[in-house]
Amino acid sequence: MKKHDNAYKWLALFVVLIGTFMSVLSSSLINLALPKMMSVFGVTLSGITWVVTAYTLAMGAVVPLTGFLSDTIGIKKLYMIALSMFTLGSALSGMSWSLSAMVMFRVVQAIGGGLMSPVGMSIVYAIFPVEERGRALGLWGVAALAAPALGPTLGGYILSHLDWRLLFYINVPIGIFGVIFAAFLLKETEKKPFEGNFDMIGFVTSVMGIVCTLYVLGKWSTINWQEAHYPILLTIGIFSLILFVVNELTHTNPLLDLRIFKLYDYALSQIISCVLVLALMGGSYILPLYLQNAKGLSAMQSGLIMLPSALSAAITMPISGALFDKFGAKVVSIPGLFILLWGSYHLTYLSADTANSTIMLVSFIRGFGLGLAMMPINTVGMNAVPLHLTGRASALTNTVKNIFSSISVTIVATLMTTATNNNYARLSEDMTLSNQAVADTIKQMQGLYMTSGMSSADAQASAMSSIAGLLQKQAYLDAVNYTIAFTVIAILITIFLA
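About the thresholds
- Residues numbered from 1 in each chain as written.
- Predicted model: local features only at pLDDT ≥ 70, side-chain atom pairs only at ≥ 80, totals over all residues.
- Heavy atoms only, no water.
- Helix = DSSP H or I, 4+ residues; strand = E, 2+ residues; numbered from the N terminus.
- Contact = heavy atoms within 4.5 Å.
- Areas by Shrake-Rupley, 256 points an atom, 1.4 Å probe, with all protein chains shown as cover.
- Buried < 20%, exposed > 50% of the residue type's maximum accessible area, 1.4 Å probe, protein only.
- Expected span 1.5 Å × (residues − 1).
- Bend = angle between axes of the 7 residues up to and from the residue.
- pLDDT = per-residue confidence, 0-100.
- Polar contact = N/O pair within 3.5 Å; in protein donor to acceptor, adjacent residues only side chain to side chain.
- Phe/Tyr/Trp six-rings, centres within 6.5 Å; stacked < 30°, edge-to-face > 60°.
- Lys NZ or Arg CZ within 6 Å of the ring centre and 35° of its normal.
- Patch = residues over 30% accessible without salt bridge, like charges linked within 9 Å, V, L, I, M, F, W, Y side chains within 5 Å.
- Salt bridge = Lys/Arg side-chain N within 4 Å of Asp/Glu carboxyl O.

A closer look at the overall build of the protein chain
Logical step 1: Each helix and strand in the protein chain was counted, giving 18 helices and zero strands.
Logical step 2: Here the analysis covers contacts within the protein chain between residues at least 6 apart in sequence; of these, 82% occur between residues at least 24 apart.
Logical step 3: Summed over its atoms, the accessible surface of the protein chain is roughly 22100 Å², and 69% of this surface lies on carbon and sulfur atoms.

The following block contains the structure:
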């Protein structure tokens, strides 16, 4: 290979890394700012969640279009449009004067973010030969993992010492830098002549199916099913997705080419990745809840405890990429999954007294396993796809990932809520005044409260309230361990499939 061609590959990868880092960092920062935005805009929690919901729905709706747009306008141009829209949406979001304006500008940001990830993946597969893709995707994975590692710490500092709008403005100089680099460094790919009619039925049914389904899944744990619009939206979403699948399998030029699932390695890698997403919820979703709700730590403190995990995964990813290029997927991913299994299993013994250093060590080892396992599984699937279909396959991969990520969050949140309620009911069965041990404890606590000046009735009420709080905390801790145990089973299934 010519020297300038070799240099171009790595410079192009650097451009892709900029967009990936921006997109993932923004997602990890915005959740921290929601309480501040509630106060600034004077809205309720249900209102402010639209800042996140609108972004998720818009991104899910636009991803299926990336394969078609890549083929018709070219990957370079589409990537520059995506990065520009994300940067513009970030700037406008920072200027927002109301909740409505924020939601509208977040949709602009989401359109850019939704296009950026699959187009970035297409660029990597277009410019790197098969024998170098593992190393390239390993470096790409560093940006994807480093951003959420920095997010809570950086976001916590900005919210504590600077203006919350900087959480959005921080993307603007990085985005402008990325667009300029893309304009000068990236080479345009060959455009494919568009043949046949645009798949309008596929576009409409995909938007309706993904938006309606993700909206309901995102609110699953808090839904009141007596409200008619939730079952109606879920029915419309599922029915639209069924129509979408039928249409895509029969259309001559489908929006999402589902026939790619006929490739065995690609289909199996998608199944493994979906189960792995569920398995990873033990660290990415449950552990922060445990640290903040059970241990009473701030978002910034939780981020610092989880930082070693993300850093170990980020460091390991390029190594796993190089090993994958040399030895193949199984030799790298299966040991990584066993390490991930060990770390996840040890997280099933969390208590209110578990040392932060222990959590950091276990998470660090767990991150090491994740870094080994994740990239080879994805790469071996995409390597099975012919080069002319990588744009379509990338769009399909990201669509599946978005949908199953929402399903995984719903499953884990539902398990947590159900287990907490069941545990509390079980623990409180014996907590009655007829139980002598309970009665004695209440009497002792009542005496302590009365020494501080409380009346007998108020002291008894405070004692019983304190015991109820302790029961609730224990029920929550048991639910955390139960749900992480569920993700351990998911990792076992992943090992079997791999």
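A look at helix H4 (residues 66-73)
Logical step 1: The complete set of buried residues in H4 reads Thr66, Gly67, Phe68, Ser70 and Asp71.
Logical step 2: Directly after H4, the chain includes Gly74, whose backbone phi takes a positive value near 95°.

Things to note about helix H6 (residues 99-127)
Logical step 1: Here H6 spans 42 Å end to end across 29 residues, near enough to the 42 Å set by a 1.5 Å rise per residue.
Logical step 2: Taking the largest bend as the criterion, H6 deviates by roughly 25°, centred on Met116, and proline Pro118 comes between one and four positions later.

A look at the confidence of the model for the protein chain
Logical step 1: The predicted model of the protein chain has a mean per-residue pLDDT of 79, with 87% of residues at 70 or higher.
Logical step 2: Looking over the protein chain, one finds the lowest element-wise mean pLDDT in helix H17 (residues 436-451), namely 66, and the highest in helix H5 (residues 75-94), namely 90.

Some details on the environment of Ser312
Logical step 1: Tracing the backbone shows Ser312 in helix H13 (residues 299-327).
Logical step 2: Ser312 sits in the buried class, given a relative accessible area of 2%.
Logical step 3: As for Ser312 and Ser363, which are separated by 51 residues in sequence, their C-alpha atoms are 9.0 Å apart.
Logical step 4: Not counting the four nearest positions on each side in its chain, Ser312 is found in contact with Ser363, Phe364, Gly367 and Phe368.
Logical step 5: A polar atom in the side chain of Ser312 sits 2.8 Å from the backbone oxygen of Phe364.

What to know about the packing of aromatic side chains
Logical step 1: One pass over the structure, following the stated rule, counts eight aromatic pairs.
Logical step 2: Measuring from ring centre to ring centre gives 5.7 Å for Phe14 and Phe181, while their planes differ by 65°; the resulting arrangement is edge-to-face. Taken together, the residues Phe14 in helix H1 (residues 3-41) and Phe181 in helix H9 (residues 171-185) connect sequence positions 167 residues apart.
Logical step 3: Overall, Phe181 belongs to the partly exposed group, its relative accessible area being 25%.
Logical step 4: Within the aromatic cluster, the residues linked to one another by ring pairs are Phe14, Phe177 and Phe181.
Logical step 5: For the cation-ring pair, Lys187 lies above Tyr8, with the distance from its terminal atom to the ring centre recorded as 4.5 Å.

Points about a nonpolar patch on the surface
Logical step 1: On the surface, Leu311, Ile315, Ile319, Leu323, Phe327 and Val331 cluster together into a nonpolar patch covering about 550 Å² of accessible area.
Logical step 2: Here the nonpolar patch gets five residues from one element, more than from any other, and that element is H13.
Logical step 3: For Phe327, the location among the structural elements is in helix H13.
Logical step 4: Residue Phe327 is classed as partly exposed on the basis of its relative accessible area, which comes to 48%.

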